[in-house]
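Chain by chain, the residues run as shown.
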Amino acid sequence: MLILLKPGSTDAQVNDVIKTVEALGYQAHAIPGKSHTAIGITGNEGPVDPEPFLVLQGVSECIAVTQPYKLVGRSARPEGSIIKAGSIQIGGGHFTVMAGPCAVESKEQILATAKHVKQHGAAILRGGAFKPRSSPYAFQGLKEDGLKLLEEARNQTGLPIITEVKDVESLEKVVAHTDILQIGARNMQNYSLLEAVGEQDKPVMLKRGLCATVKEWLMSAEYIAARGNLHVMLCERGIRTYETTTRNTLDLGILPSLREMTHLPLIVDPSHGTGIAKSVPAMARAAFAAGADGIMVEVHPDPAHALSDGPQSLNFAQFSEMMAELKALSKALNRPLAGH
Ligand code: PEP
Ligand code: MN
């Protein structure tokens, strides 16, 4: 159940609701919104009786939630969530471009890429340090050294950084260095990891699992929210289908439905979604036009020699060309690029 407070309700009224929820043996999750606070209840097995709440000062309404994703469902925050990373906003009408190499490979590589993507309008720098690779013999990332290089790139460019957290063991290290935690597709249903990032006070980008339904994906986001971290965004990165022309099948068709189902910001990754650098700009424009809150794209100074995901990485010229197109689209759609 969701308990909606009246606009302008006081902290004391919010606390009264929380105490009443806890006295019944349930957990309360305050979800502050633009005009009012909602309080989500979890831990109940059957329906919750609204009566004890409706008599409390400041409560306007109790809404029964039938889906298993209560805190990330649209009704918990109808106006949509906005996530902040430094001065950058994700959601709320902006279009946020996250760009950088699949993996941090060297100081020169990450600094040159960070400067280039910043100069052409990216708002957030991506780069993998702990890499989940399909082959155990493939480059596994520079690990902690990679995190330090990302920090150096942030210091030099001012771009907030996003990097993947591969397991619970490395979480503390990653949290210490990054602005946004990325949960990769392969870990979408790693519930211990989801719970662990749910305990952190850092935004999380949850990528869609390789063969996850939208409902499974939202339940994974709920794992994070249920631990107290509501700063979650979703990233569509393509799913495994029978089609082999593209690396994955980028499922842009879910965006309008997802918008109705959840208040979380929606990001699209056309790099993993297609696996083909030349296809990335078209799918980036499509994502923008379809209403995504942003994209994540892979960029490399020399894709032919990249240590991971070279075939889908844009070179510098391809990235700046794509950004020029997105800037034109930004004007046409009247939606500013974040950071501009
Ligand atoms: C990545 O972003 O480099 C990555 C490994 O993505 P995914 O988890 O979507 O495969
Ligand atoms: Mn990659």
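Caption draft 1: Highlighting the coordination of the manganese ion (ligand 2). Around the manganese ion (ligand 2), the protein contributes the donor atoms Cys-102 (SG), His-272 (NE2), Glu-298 (OE) and Asp-309 (OD), at 2.1 to 2.4 Å from the metal centre. Summarised as a motif, the one-chain spacing of the donors to the manganese ion (ligand 2) is C-x169-H-x25-E-x10-D. Of this pair, Cys-102 sits in the loop between β7 (96-100) and α3 (107-119) while Glu-298 sits in strand β14 (residues 294-298); the two residues are 196 residues apart in sequence, bridging distant segments of the chain. Grouping residues by exposure puts Cys-102 and Glu-298 together as buried.

Caption draft 2: Broad picture of the environment of Asn-248. Relative to the helices and strands, Asn-248 is located in the loop between β12 (232-236) and α8 (255-261). When the C-alpha atoms of Asn-248 and Arg-237 are compared, they prove to be 7.8 Å apart, with 11 residues separating the residues in sequence. Contact partners of Asn-248, with chain neighbours within four places excluded, come to Arg-237, Gly-238, Ile-239, Arg-240, His-272, Gly-273 and Thr-274. Within the structure, the side chain of Asn-248 is placed 2.9 Å from the backbone oxygen of His-272, a separation counted as a polar contact.

Caption draft 3: View of the packing of aromatic side chains. Inspection of every chain in the model, using the stated rule, returns two aromatic pairs. Ring centres of Phe-95 and Phe-288 lie 3.8 Å apart, and the angle between their planes is 5°; this geometry places the pair in the stacked category. Separated by 193 residues along the polypeptide, Phe-95 in the loop between β6 (88-90) and β7 and Phe-288 in helix α10 (residues 280-289) bring together distant segments of the chain. You can call Phe-288 buried: its relative accessible area is 1%. Summarising the aromatic geometry, the rings of Tyr-191 and Tyr-223 are spaced 4.4 Å apart at their centres and angled 25° between planes, so their arrangement reads as stacked.

Caption draft 4: Summary view of the site of ligand 1. Ligand 1 sits among Cys-102, Arg-126, Lys-131, Glu-164, Gln-182, Gly-184, Ala-185, Arg-186, Lys-207, Arg-237, His-272 and Glu-298. Contacts to ligand 1 include Arg-126, whose side-chain N or O atom sits 2.7 Å from an oxygen atom. The separation between an oxygen atom of ligand 1 and a polar side-chain atom of Gln-182 is 2.9 Å. Out of a free accessible area of 300 Å², ligand 1 has 97% covered by protein chains. Across the shell around ligand 1, the residue classes break down as two nonpolar, three polar and seven charged.

What counts and how
Residues numbered from 1 in each chain as written. Chains lettered and ligands numbered in written order. Predicted model: local features only at pLDDT ≥ 70, side-chain atom pairs only at ≥ 80, totals over all residues. Heavy atoms only, no water. Donors = N, O, S within 2.8 Å, 3.2 Å for Na, K, Ca; no water. Helix = DSSP H or I, 4+ residues; strand = E, 2+ residues; numbered from the N terminus. Buried < 20%, exposed > 50% of the residue type's maximum accessible area, 1.4 Å probe, protein only. Contact = heavy atoms within 4.5 Å. Polar contact = N/O pair within 3.5 Å; in protein donor to acceptor, adjacent residues only side chain to side chain. Phe/Tyr/Trp six-rings, centres within 6.5 Å; stacked < 30°, edge-to-face > 60°. Near = heavy atom within 4 Å. Areas by Shrake-Rupley, 256 points an atom, 1.4 Å probe, with all protein chains shown as cover. Nonpolar A, V, L, I, M, F, W, Y, C, P; charged D, E, K, R; others polar.

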